[in-house]
Amino acid sequence: MKLPLPFRFAAVASTLAAAALAAPAHAQNTPVTIGMSGWTGFAPLTLADKAGIFKKHGVDVDIKMIPQKDRHLALASGAIQCAATTVETHVAWNANGVPITQIVQLDKSYGADGLAVRGDVKAFADLKGKTIGVDAPGTAPYFGLAWMLKKNGMTLKDVKLTTLSPQAAAQAFVAGQNDGAMTYEPYLSTVRANPDRGKILATTLDYPMVTDTLGCAPKWLKDNPKAAQALVDSYFEALEMIRKEPEKSNDIMGAAVKQTGEQFAKSSAYLRWQDKAANQKFFSGELASFSKEAADVLKDIGVIRQVPDVTALYDARYLK
């Protein structure tokens with residue numbers, strides 16, 4: 001039996017309303033700017049951008065390449081709403097008055113960060129008085145060097161530091177400058193490719209203290225929960241694309257750092273991108289415990305004055 005016209009309209013409206021409630025909530029082309037660097041671990045974010053995954057999930061992402069030492073300034077000014085960086089950097093920013101909340105773990109370094117030294121350096125003790133090229137205080141290489149030295153009974157005061165970006169530190173070292181260089185992929189591969197110039201004394205395989213997360217300004221998260229969820233979902237979809245289409249994905253990610261797909265694949269072999277299951281495990285306890293240990297090191301080297309409440313620096317709701 002045909003329903004009268006008003007009842008038919010009501011039935012259609014009811015069906016549409018039910019469908020809307022059943023459908024997953026998506027962001028509606030919400031603009032968001034992410035600050036990051038060419039670090040290999042961040043590359044799935046580039047892939048999500050270039051492959052249209054962010055747009056598919058309803059976020060209009062603008063990625064800006066900003067040195068790690070300046071990323072918090074961009075966040076504080078509102079020039080960016082989110083940033084990819086190491087966990088201890090999130091700790092430092094929060095402790096120093098730039099609030100940011102971590103929402104997804106991106107990667108763990110498995111040899112992608114390391115300390116390159118000349119051939120005559122046999123152990124950390126041999127570095128005393130030597131000059132090491134390393135990025136500025138508040139960056140991952142600076143923290144990494146301090147961490148490694150501390151684990152070997154030394155401090156940053158035992159060596160001489162010359163401030164160089166990770167790329168410049170590697171290039172200077174290969175060119176014969178300085179006694180060491182603290183850097184990361186893809187720049188660490190510059191050292192690997194020139195064994196006559198020196199060797200890698202230690203990496204994150206020996207000292208697992210580099211893991212990266214994506215965080216956003218707390219106010220932006222409060223105002224844009226659907227967009228935040230879209231960022232996390234897009235990241236995991238990018239990892240799935242890497243799994244299903246490795247060659248295409250490596251070409252896209254490599255191009256962003258002026259590498260071929262093959263070169264990029266070799267660099268990324270030194271880290272592990274973290275899927276949802278790994279994230280859930282990390283956010284359930286490991287993140288807080290590592291943050292506490294990292295905060296103690298940051299305080300020792302003068303990057304922060306007091307240890308913040310590390311359990312308040314992340315939000316696991318987007319990983320369900």
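In this text the structure is predicted, and so the values were computed from the model without any measurement.

### Describing the nonpolar core
And step 1. Counting residues in each nonpolar core, the largest one holds 98 residues, and the members touching the most others are Leu115, Phe124, Trp220 and Leu231.
And step 2. For this core, the element with the most residues is helix H10 (residues 225–244), which contributes 11 residues.
And step 3. Counting contributing residues, this core receives three or more from each of domain 1 (30–108 + 210–301) and domain 2 (113–203).

### Looking at the sheet that holds strand S5 (residues 113–117)
And step 1. If you trace the five strands from one edge of the open sheet to the other, you get S7-S6-S8-S5-S9, paired in mixed fashion. Among the strands making up the open sheet, the edge pair consists of strand S7 (160–163) and strand S9 (199–203). Neighbouring strand axes in the sheet, compared pairwise and without regard to direction, differ in orientation by 30° on average.
And step 2. Note that S5 and S9 share four bridges and pair antiparallel. What sits directly across from Val117, in S9, is Lys199.
And step 3. Packing against the sheet, helix H6 (residues 140–151) makes contact with S5, strand S6 (131–134), S7, strand S8 (180–184) and S9, and its axis sits at approximately 120° to S8.
And step 4. The sheet contacts of helix H7 (residues 166–174) involve S5, S6 and S8, and relative to S8 the element is tilted by about 140°.

### Some details on the domain arrangement of the protein
And step 1. With domains assigned, the protein is organised as domain 1 (30–108 + 210–301) and domain 2 (113–203).
And step 2. The partner domain 2 presents 19 residues to the 20 residues of domain 1 that form the contact.
And step 3. Together domain 1 and domain 2 conceal approximately 1,700 Å² of surface at their shared face, both sides included; 66% is due to carbon and sulfur atoms.
And step 4. Ranking the residues of domain 1 by area buried against domain 2 places Trp39, Val297 and Ile301 at the top, with a combined share of 28%.
And step 5. Between domain 1 and domain 2 we count two salt bridges in total.
And step 6. Ionic pairing is found between Glu293 and Lys151, a salt bridge with its closest N-O pair at 3.1 Å.
And step 7. The interface formed by domain 1 and domain 2 holds four residue pairs in polar contact (both at pLDDT 80 or more) in total.
And step 8. Those elements that place two or more of their residues in the side of domain 1 that touches domain 2 are helix H4 (68–77), helix H5 (87–95) and helix H13 (276–300).
And step 9. Residue contributions to the side of domain 1 that touches domain 2 peak at six residues, all from H13.
And step 10. Broken down by class, the residue content of the side of domain 1 that touches domain 2 amounts to eight nonpolar, eight polar and four charged.

About the criteria used
- Residues numbered from 1 in each chain as written.
- Predicted model: local features only at pLDDT ≥ 70, side-chain atom pairs only at ≥ 80, totals over all residues.
- Heavy atoms only, no water.
- Core = buried A, V, L, I, M, F, W, Y, C linked by side-chain atoms within 4.5 Å.
- Buried < 20%, exposed > 50% of the residue type's maximum accessible area, 1.4 Å probe, protein only.
- Helix = DSSP H or I, 4+ residues; strand = E, 2+ residues; numbered from the N terminus.
- Domains from an automatic or database assignment.
- Pairing = 2+ DSSP bridges.
- Axes fitted to C-alpha atoms, helices over the stretch in contact; angles between N-to-C directions.
- Contact = heavy atoms within 4.5 Å.
- Buried area = accessible area lost by both parts, 1.4 Å probe.
- Salt bridge = Lys/Arg side-chain N within 4 Å of Asp/Glu carboxyl O.
- Polar contact = N/O pair within 3.5 Å; in protein donor to acceptor, adjacent residues only side chain to side chain.
- Nonpolar A, V, L, I, M, F, W, Y, C, P; charged D, E, K, R; others polar.

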